[in-house]
Amino acid sequence: MEASQEVERAVQSELIHEHIVEIVSDSGEGAQKAGQTFGAVCARMGNGVWTVEIIPAEIKPPARSPAGASGIRIRLGSKYITNMGDEADLVVAFNEQVLYSRIANGAYKAGTILLIENKWRDDPVPEIQAQYKRALAEFKENGLIVHELALEEACREITSNPRVGKNMFVLGMLCHIYTRDVELARNEIATIFKRKSKEVVEQNYRLLQAGYDFASDNLDFRYEIPPQQVREGKRFIVTNGNTALGLGVMASGMELVAMYPITPATSASHYLADVFHEVGGFVHQAEDEIAAIGFAIGSSFAGKTACTITSGPGLALKTEMLALAVMAEIPLVLAVVQRGGPSTGLPTKVEQGDLLASIFGEPGDAPKVVVAPATIEECLHFVVMSRRLAETFRTPVVLLTDANLATGQQPYPRPEPSSEWLAPPIDQTDWDPQIPPYNWDPQTGLSPRPVPGMVDGHYVLTGLAHTNESKVAYDSKSNQLGCDMRSRKLAALANTLKAPTVYGDPEGDLLVVGWGSTLGAIQEAVDRTRAQGYKVSSLHLRFISPLEPGLKEIFSRFRKVMTVEINYSDDLSAPLITRENRRYSQLAWILRASTLVDVDCWSVVLGAPLQPGMIHKVLLERLSSKED
Amino acid sequence: MFGMNADWSLEVFERYFTIGDYAGGEARWCPGCGDHGVLTAIHKLLRDEQVPPETTVAVSGIGCSSRLPHYMGTYGFHGLHGRALPIACGIKSRRPELDVWVATGDGDCFSIGTAHWIHAIRYNMDMTVLAFDNSVYGLTKAQTSPTSPLGFKTNTHPTGAILPPLNPLTTTLGITNVSFVAQVVDWSPPLLYEVIKAAHRHKGTGFVRIIQRCPVFSDSVSKALQNSPERVLLLQHEKGIPIDASAKRQFPNSITHDPSDLAAARAVAEDTSRIPVGLLYQNTDALCYETLSSRGTEFTVKKRLAGINAALDRFTI
Ligand SMILES: Cc1ncc(C[n+]2csc(CCOP(=O)(O)OP(=O)(O)O)c2C)c(N)n1
Ligand code: SF4
Ligand SMILES: [Mg+2]
């Protein structure tokens, strides 16, 4: 202890604004836990934080394989952090092989500090020794600043099973490197291991301290990232996006979530399964996605608006039920945590590929509300909003998040729920028998809804074409009217929306339009480009069906408009691709159709969140291109 | 007036329901269709049991038989092909006080809805499930159904059904947590009424396979059975369904079968040379899923807010 304090005095910490840290390991080595805890400590100290999980490509990958790279990235800064950033500044790795997958993803740069477990150098298997030495030589050649450290050996002084314990040791190291308050880390450990014995907690405290001292003894650098966030006495919480969804479900007053497990949506239901009963709610794990949405629809029909949570393949299965909810005007919240598609696609990776499927996925005309939260905080609030929209507009609401929001962690102001957030108790007063079950207001398409239990409210809900009395009707007039009324509701909703605000100047050379989880990366890229003197702005849409109003007018103030998205589009320079046959990214299709502006797009399907650096490069290219 | 308590008289006289209260639009099934008789039995039973129409919900899939909710004066949900059961279960999940009925066809339940059939039996929510089995797809005009007899000619198998039929009774009786399985034919109205009544009174999923006449597309199947009433086997037991004299005259063969004996029920169901009619199996102690799914419905706003605040506090930094 004393010795380490001396060293602390010896190493002067460098003042910086932000750093990107990664912990990379084989799966099962606790890297994510260490990283999340570190992120929480930083958030508690008032720093801006964004964490992204690094998920292995295979379920049971062999040890020491690039496919098995598992871990976490933590971007921490003085200010509010909105995305994962570009290359990492510091990496802790438990073996060298897993780093290859990160290198393939462009995660590091010359100057990235690598702290690596050195036991492989003396591994009994000669081939492993050789691999290790080869890799390290390569890393150094590429400019990584390598520190080989005997992490496991140091842990072995405290635990007989360093494989399990070393993550808390690393947490201790990071606490030293970034001048973190160790007491806060101890509190986090106490929470993580609250169900474990006192010995386990004590052991982890010791590992934490040992890691701290080890870094102090062995590393000649140290950083300080002073928090500059203004929190104005507000309370903050830290969650990932899926937990935020779960919290939103509870705060919305919905009592039922019906689901079928699917990555990356399931953890939202895991969270709810743990706590939903505390607000009187229930998670129904159905036999499949069709049954899950059917169950939710049944509950909603009976007056208890429900939620179903899924991802791409599940959305595909739910389409027929979704159309039924549109046709029969049943309130419903369908959260889709997007992953890479089509088909089983990239189960753990991010994509924004389900936008068009959400809007147009059903045969026939199926107008519905489609919204997309752009931050983790919005994941929570949008569920509350979606439940209200679903009931007011008597419609399903599709809420699109993605794998990036789902697993990313970020501090945000703690919501203060009030009774208005909750669903009102179901109305069981008598229904006026003169009022048909779909008493459409011809202006808005809105109608009040009878609920089972109401005397004289009885009607037979049907997915067949029907009159306002819910009587099956195959005649032309009834069908036209029903379609008109369902569509009218979207226009009515659109009329209540405000035009989106432009980030940056209200006019200029280029406007970047995005939606969903890319908000932070796009804005950061816009900032960098503007700092170089370019006239670029951005705009982020939350409502996509109906679209937020005023877009055409906003677009007219810019020389060029383009979307930036994580989904597929043809690159104009690819073989055979022309302006005529080019397939655009999903939001671009929508914007082109609705504004008749020649909206351009840039989109990729790399199975990774967009980084500000990538977008920045694209913006510079587009701004300098002569072609119009 | 007359020394009578006004409250008392109000309750008794204002809330008496007649068959008319349960009847909806005019039934549009073909003349001679077995569905008419089932509808009549349901209306009569609801009247006899005085179930409030506003707390009754008839749920169905798609098919001729699934038109049933339209002919009810209660709440109804004419859903999607094969999906009546998940919808019905969802209705029941947070509103266990509702009296839920399900009408489903042999295609609806035993083909496209198979997964839901199996799992709904396992959930065992308190509802009455009537599987209208006419051995054919009626609404879509004569395609083979899972219960079409081998060799039965349809538009999809013009030279005759190529697979032996699925046995819905053995399947249902093989599902964990099954609590009530009965079978009946539509052309024995008193028995039909009694079977539906027993299913309705049962606490849990009352599953009834109704062998149903479709004079348009599968006349030969029901005719063959109607012409050989000795193939029908009445199941008699004190714990079973009461069988009146007319049914005994109609069907000469009967056995004593204890409906609490699952192995015996499976054996009876397995023997397809006979058509067992009556109660095959009943277990009144099976777990009903809504006892779990409806937990917390009574929570007050205050309690809900306290719960959500506690959840948020766990993430507070
Ligand atoms: C998803 C879907 N597939 C197919 C159909 C067409 N379809 C409607 S009813 C039916 C079969 C009905 O047969 P059954 O369930 O036995 O009912 P029945 O008409 O004989 O009473 C079919 C195939 C549909 N409505 N939806
Ligand atoms: S086709 Fe058959 S099942 Fe359908 S209504 Fe007519 S008789 Fe009944
Ligand atoms: Mg049929």
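All values reported here derive from a predicted model rather than from experimental measurement.

## What about the domain arrangement of chain B?
Residues and elements named next belong to chain B.
Stage number 1. Entries for chain B in the domain assignment read domain 1 (19-286) and domain 2 (287-317).
Stage number 2. Computed over C-alpha atoms only, the centres of domain 1 and domain 2 are separated by 38 Å.
Stage number 3. Facing 13 residues of domain 1, the contacting portion of domain 2 comprises nine residues.
Stage number 4. A combined buried area of about 880 Å² lies between domain 1 and domain 2, and 49% of that area is made up of carbon and sulfur atoms.
Stage number 5. Our count for the domain 1 to domain 2 interface comes out at nine residue pairs in polar contact (both at pLDDT 80 or more).
Stage number 6. Of all the elements, helix H4 (residues 84-94) adds the most residues to the side of domain 1 that touches domain 2, at three residues.
Stage number 7. Residues that form the side of domain 1 that touches domain 2 fall into these classes: four nonpolar, four polar and five charged.

## Considerations on the sheet that holds strand S13 (residues 332-338) of chain A
Residue and element names in this part refer to chain A.
Stage number 1. Sheet architecture is open: seven strands sit in the order S11-S10-S12-S13-S15-S14-S20, paired in mixed fashion. Each having just a single partner strand, strand S11 (282-285) and strand S20 (543-545) make up the two edges of the open sheet. Shown here is a sheet whose adjacent strand axes are inclined to one another by a mean of 25°, direction ignored.
Stage number 2. Strand direction decides the pairing type here: strand S10 (residues 256-259) and S11, joined by four bridges, are parallel. By the bridge assignment, Ala 258 is partnered in S11 with His 284.
Stage number 3. Packed onto the sheet, helix H14 (residues 376-392) meets S13, strand S14 (369-371), strand S15 (396-402) and S20 and runs at close to 165° relative to S15.

## Structural notes on the interface of chain A and chain B
Stage number 1. With 67 residues of chain A at the interface, the matching set in chain B holds 51 residues.
Stage number 2. For the pair chain A and chain B, the summed buried surface comes to about 4800 Å²; carbon and sulfur atoms form 65% of the total.
Stage number 3. Area buried by chain A at its contact with chain B is led by Glu 287, Phe 295 and Val 460 of chain A, which between them contribute 12% of it.
Stage number 4. Applying the counting criterion to the chain A and chain B interface returns five salt bridges.
Stage number 5. Residue Arg 304 of chain B pairs with Glu 255 of chain A through a salt bridge whose shortest N-O separation is 3.5 Å.
Stage number 6. Where chain A packs against chain B, one counts 26 residue pairs in polar contact (both at pLDDT 80 or more).
Stage number 7. Elements with a minimum of two residues in the side of chain A that touches chain B: helix H2 (31-44), strand S9 (236-240), helix H9 (241-251), helix H10 (266-275), S11, helix H11 (289-301), helix H12 (312-327) and strand S17 (460-462) of chain A.
Stage number 8. Sorting elements by how many residues they give to the side of chain A that touches chain B places H11 of chain A first, with eight residues.
Stage number 9. Split into classes, the residues belonging to the side of chain A that touches chain B amount to 39 nonpolar, 18 polar and 10 charged.
Stage number 10. Bridge count for S17 of chain A against strand S2 (residues 75-78) of chain B is three bridges, and the pairing is parallel. When the sheet's bridge partners are listed, Thr 462 of chain A is paired in S2 of chain B with His 78 of chain B.

Conventions and cut-offs
Residues numbered from 1 in each chain as written. Chains lettered and ligands numbered in written order. Predicted model: local features only at pLDDT ≥ 70, side-chain atom pairs only at ≥ 80, totals over all residues. Heavy atoms only, no water. Domains from an automatic or database assignment. Contact = heavy atoms within 4.5 Å. Buried area = accessible area lost by both parts, 1.4 Å probe. Polar contact = N/O pair within 3.5 Å; in protein donor to acceptor, adjacent residues only side chain to side chain. Helix = DSSP H or I, 4+ residues; strand = E, 2+ residues; numbered from the N terminus. Nonpolar A, V, L, I, M, F, W, Y, C, P; charged D, E, K, R; others polar. Pairing = 2+ DSSP bridges. Axes fitted to C-alpha atoms, helices over the stretch in contact; angles between N-to-C directions. Salt bridge = Lys/Arg side-chain N within 4 Å of Asp/Glu carboxyl O.

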